[in-house]
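Residue-level structure breakdown
Next come the chains, spelled out residue by residue.
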Amino acid sequence: MSLAEQMDTVTDGAAGTVDRHATTRTFESTDPATGAVVGVLPVHDDDAVRETVERARPAARAWAELGFDGRKQRLNAYRGYLARRMHELADLVHRENGKPHGDAILEITLAIDHLAWAGAHARKTLGSRKVRAGMLAANHAAYLEYQPLGVVGVIGPWNYPVFTPMGSIAYALAAGNAVVFKPSEYTPAIGAWLAAAWRAAVPDAADAFQVVTGYGETGAALCRPGVDKLAFTGSAPTGRKVMAACAENLVPVLMELGGKDAMIVDDDADVVAAADAAVWGAMSNAGQTCIGIERVYATSAVYDRFVAEVTEQVRTLRPGSDDEATYGPMTMASQTGIVRRHLDDAAAAGGRSVRGDADPSLFPNENYLPPAVLLDVPESSSAIREETFGPTLTITKVRDAEEALERANATSYGLGGSVFAKSKARGLDLARRMRSGMTAVNSVITFASVPALPFGGVGESGFGRIHGEDGLKEFTRAKAITRQRVALPVNLMSFGRPASATDAVARVMGMIHGRHR
Ligand code: NDP
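Residues numbered from 1 in each chain as written. Predicted model: local features only at pLDDT ≥ 70, side-chain atom pairs only at ≥ 80, totals over all residues. Heavy atoms only, no water.

**Observations concerning the overall build of the protein chain**
- Along its length, the protein chain carries 17 helices and 18 strands.
- A compact globule built from 517 residues should have a C-alpha radius of gyration of about 24 Å, and the protein chain, at 26 Å, falls within 12% of that.
- Overall, the protein chain is about 90 × 70 × 40 Å in size when its C-alpha atoms are taken along their principal axes.
- Put simply, the protein chain has 517 residues, and 55% of those count as buried.
- Approximately 21900 Å² of the protein chain is accessible, and the part contributed by carbon and sulfur atoms is 54%.
- Measuring between centres, the 54 positive side-chain charges of the protein chain sit 11 Å from its 59 negative side-chain charges. (Helix = DSSP H or I, 4+ residues; strand = E, 2+ residues; numbered from the N terminus. Rg over C-alpha atoms; globule rule 2.2 N^0.38 Å. Buried < 20%, exposed > 50% of the residue type's maximum accessible area, 1.4 Å probe, protein only. Areas by Shrake-Rupley, 256 points an atom, 1.4 Å probe, with all protein chains shown as cover. Lys, Arg positive; Asp, Glu negative; His and termini not counted. Charge placed at Lys NZ, Arg CZ, Asp CG, Glu CD.)

**Some thoughts on the domain arrangement of the protein chain**
- Split into domains, the protein chain comes out as domain 1 (3–257 + 468–476), domain 2 (261–451) and domain 3 (491–517).
- Using C-alpha coordinates to define each centre, domain 1 is positioned 30 Å away from domain 2.
- Counting residues at the interface gives 24 residues for domain 1 and 24 residues for domain 2.
- Across the domain 1 to domain 2 interface the summed buried area is about 2000 Å²; carbon plus sulfur atoms make up 58%.
- Of all residues in domain 1, the largest losses of buried area upon contact with domain 2 belong to Pro 32, Ala 33 and Trp 158, amounting jointly to 26% of the total for that side.
- For the pair domain 1 and domain 2, the number of links is zero salt bridges. (Domains from an automatic or database assignment. Contact = heavy atoms within 4.5 Å. Buried area = accessible area lost by both parts, 1.4 Å probe. Salt bridge = Lys/Arg side-chain N within 4 Å of Asp/Glu carboxyl O.)

**What about helix α5 (residues 101–126)?**
- In this model, α5 (26 residues) spans 36 Å end to end at C-alpha, consistent with the 38 Å of a helix rising 1.5 Å per residue.
- Within α5, the axis deviates most sharply at Ala 120, by approximately 35°. (Expected span 1.5 Å × (residues − 1). Bend = angle between axes of the 7 residues up to and from the residue.)

**Some points on the packing of helix α3 (residues 67–84) against α5**
- The geometry of α3 relative to α5 is characterised by a closest axis approach of 9 Å and an angle of 175° between their N-to-C directions. Classified by the angle between their axes, α3 and α5 sit roughly antiparallel to one another. Facing α3, whose interface residues are Phe 68, Asp 69, Lys 72, Leu 75, Tyr 78, Arg 79, Leu 82 and Ala 83, α5 presents Ile 112, Leu 115, Ala 116, Gly 119, Ala 120, Ala 122, Arg 123 and Leu 126.
- The residue inventory of the contact of α3 with α5, partitioned by class, reads eleven nonpolar, one polar and four charged. (Axes fitted to C-alpha atoms, helices over the stretch in contact; angles between N-to-C directions. Parallel < 35°, antiparallel > 145°, perpendicular 65-115°, else oblique. Nonpolar A, V, L, I, M, F, W, Y, C, P; charged D, E, K, R; others polar.)

**Remarks on the sheet that holds strand β7 (residues 209–211)**
- Read from one edge of the open sheet, six strands run β7-β6-β5-β8-β9-β17, paired in mixed fashion. Bordering the open sheet on either side are β7 and β17 (462–463), each of which pairs with just one other strand.
- Relative to strand β9 (residues 253–256), strand β8 (residues 229–233) runs parallel, the two sharing four bridges. Each bridged residue has a counterpart across the sheet, and for Ala 231 the counterpart in β9 is Leu 254.
- This element, helix α2 (residues 46–65), spans β5 (151–155), β6 (178–182) and β7 of the sheet and lies at about 145° to β6. (Pairing = 2+ DSSP bridges.)

**Section: the packing of aromatic side chains**
- Enumeration over the complete set of coordinates arrives at eight aromatic pairs.
- For the pair Tyr 78 and Phe 209, a centre-to-centre distance of 6.4 Å together with 75° between the ring planes defines the contact as edge-to-face. Of this pair, Tyr 78 sits in helix α3 while Phe 209 sits in strand β7, and the two are 131 residues apart along the sequence.
- Tyr 78 sits in the buried class, given a relative accessible area of 0%.
- Plain terms: the ring middles of Trp 158 and Phe 389 are 5.7 Å apart, the flat faces sit at 85° to each other, and that makes the pair edge-to-face. (Phe/Tyr/Trp six-rings, centres within 6.5 Å; stacked < 30°, edge-to-face > 60°.)

**Some details on the nonpolar core**
- Counting 124 residues, the largest nonpolar core has Tyr 78, Leu 194, Phe 209, Val 296, Phe 306 and Ile 395 as its most contacted members.
- No other element matches the ten residues that α5 contributes to this core.
- If you count residues domain by domain, this core takes at least three from each of domain 1 (3–257 + 468–476) and domain 2 (261–451).
- Not counting the four nearest positions on each side in its chain, Phe 209 is found in contact with Tyr 78, Ile 169, Leu 173, Val 179, Phe 181, Leu 194, Ala 195 and Trp 198.
- Val 53, Val 212, Leu 230 and Phe 232 belong to the second largest nonpolar core, which has 22 residues in total. (Core = buried A, V, L, I, M, F, W, Y, C linked by side-chain atoms within 4.5 Å.)

**So, the sheet that holds strand β4 (residues 140–148)**
- With antiparallel pairing, three strands are arranged side by side in an open sheet as β3-β4-β18. With partners counted over all chains shown, the strands left at the sheet margins are β3 (129–131) and β18 (476–484), one partner each. Recorded for the sheet is a direction-independent mean angle of 35° between the axes of neighbouring strands.
- Bridge count between β4 and β18: nine bridges; the pairing is antiparallel. Across the sheet, residue His 140 finds its bridge partner in β18, namely Gln 484.

**Here we look at empty space enclosed by the protein**
- Within the structure shown, the criterion is met by two cavities of 30 Å³ or more.
- Size it by volume and the largest cavity reaches roughly 80 Å³.
- Mapped by element, the contributors of at least two residues to the lining of the largest cavity are β10 (261–265) and α14 (401–409).
- Tallied by class, residues from the lining of the largest cavity come to five nonpolar, five polar and four charged. (1 Å grid on protein atoms, 1.4 Å probe; cavity = no way out; pocket = protein on both sides within 12 Å on 5 of 7 lines; lining within 4 Å. Points joined across faces, edges and corners; volume = space filled by probe spheres on them.)

Structural data, given as structure tokens:
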């Protein structure tokens with residue numbers, strides 16, 4: 001039985017089961033709200049991963065040969081399939097990741113929008129175009145095109161198990177590559193569902209998008225069999241391991257790592273809107289958002305009003321697994337320990353904390369954390385310096401927006417961020433000077449929903465870009481071609497050129513460039 005057939009078996013039925021004869025080892029993914037088994041999936045070992053990548057090779061060639069229009073048509077069929085089954089997928093996301101159904105719908109919607117954009121813009125961004133040949137090659141035509149790499153490995157996280165990997169998968173496929181995707185061990189059934197959906201929607205290119213499942217070792221195995229690029233989303237420590245493994249085969253990598261994103265609230269900001277955005281940016285998805293807001297720097301002119309507004313809004317939040325809950329459980333139980341450590345560190349350093357009004361004793365289990373707003377936390381505290389990835393927010397009073405910017409930038413991370421300022425010039429100026437890959441002015445996270453904008457970070461937040469034209473080019477190699485249109489009487493690139501030719505070139509270059517001082 002092939003891996004593709006195994007995956008069909010895995011995703012058959014609501015809970016997902018696997019034919020145990022197909023693989024020696026399996027593992028279970030569980031619902032973080034109830035502990036119920038959501039899926040039983042194969043642990044793909046080195047051989048199974050190699051076999052999958054080998055099957056992807058001819059699939060990549062056939063997929064590339066379909067051309068931009070053929071691929072666009074199939075990517076459209078895939079997004080249509082996802083859109084028609086949005087609630088089915090959202091239900092699986094709710095059960096395996098824990099987030100509310102509505103949030104899952106929003107995530108899937110964004111993924112579909114990116115699929116549409118990538119398919120529609122691949123030809124214009126990557127297709128062959130003529131460029132100016134310049135004076136020295138005036139008798140030549142020059143062409144630039146972006147060719148697919150071959151097989152792209154994608155290692156994805158559990159926090160946005162559809163949207164985040166799709167940022168690599170959609171753009172890599174649209175650029176003409178085959179993809180082998182290793183979802184997180186916390187959300188493998190979602191990964192298997194996405195691949196099964198692909199096979200159903202695009203049966204004639206089924207192996208262009210395959211999934212392997214398992215633990216970290218399966219991800220490590222994907223770095224070894226010679227994929228042509230590896231796109232990784234996760235933590236910086238694991239990112240370093242992935243880079244090291246890929247370095248052995250000179251496999252290029254794209255790194256989407258964590259963040260410690262800040263919001264700046266300037267003197268003239270709309271404080272109510274800023275508070276609303278900060279609370280949603282920090283607490284939605286239980287704070288498990290790489291581009292979530294973790295720190296706010298508010299100027300002394302607005303600090304008191306901002307804190308009062310945030311406090312009022314946070315009191316109404318209630319984590320739970322029902323449809324009215326504002327956010328769900330921590331997907332990874334071990335993350336609750338990190339969040340609690342950051343809260344304890346902040347309290348020990350003299351920080352004050354404001355919690356939501358919901359009674360934690362009524363939460364379904366200990367994976368649900370109440371929202372926490374931390375005030376007066378020293379900049380040396382772990383709640384300010386390390387990625388918390390939980391429903392917490394620090395608010396710090398600063399003299400002015402310049403001090404806010406200085407503190408916002410005083411981190412090794414640099415993923416996203418937000419600025420609230422009424423003046424357009426001031427908002428854009430602060431956004432430009434924020435050391436991050438993306439900044440939203442007068443909102444949060446918006447850049448992720450604009451398919452034309454590149455997504456990625458600086459520093460410990462990684463490098464490389466998904467989304468937009470840069471995201472398409474990320475999964476290609478630039479190819480340069482020249483074609484001689486007419487032969488000149490004197491060919492400078494020939495041993496047959498007369499000595500006087502280079503003297504003439506030197507005279508012309510002196511006239512054109514020599515006047516510049
Ligand atoms: P990891 O970085 O450990 O895991 C991310 C992905 O890499 C998962 O699919 C994981 O598989 C896989 N993986 C683990 N080890 C290896 C390896 N040696 N080689 C290749 N792949 C590997 O993140 P966690 O899920 O453990 O989360 C830890 C922290 O990372 C969080 O607390 C958060 O701070 C940050 N994070 C940031 C995200 C972001 O969007 N930037 C997303 C998720 C986490 P498996 O799950 O099977 O171990």
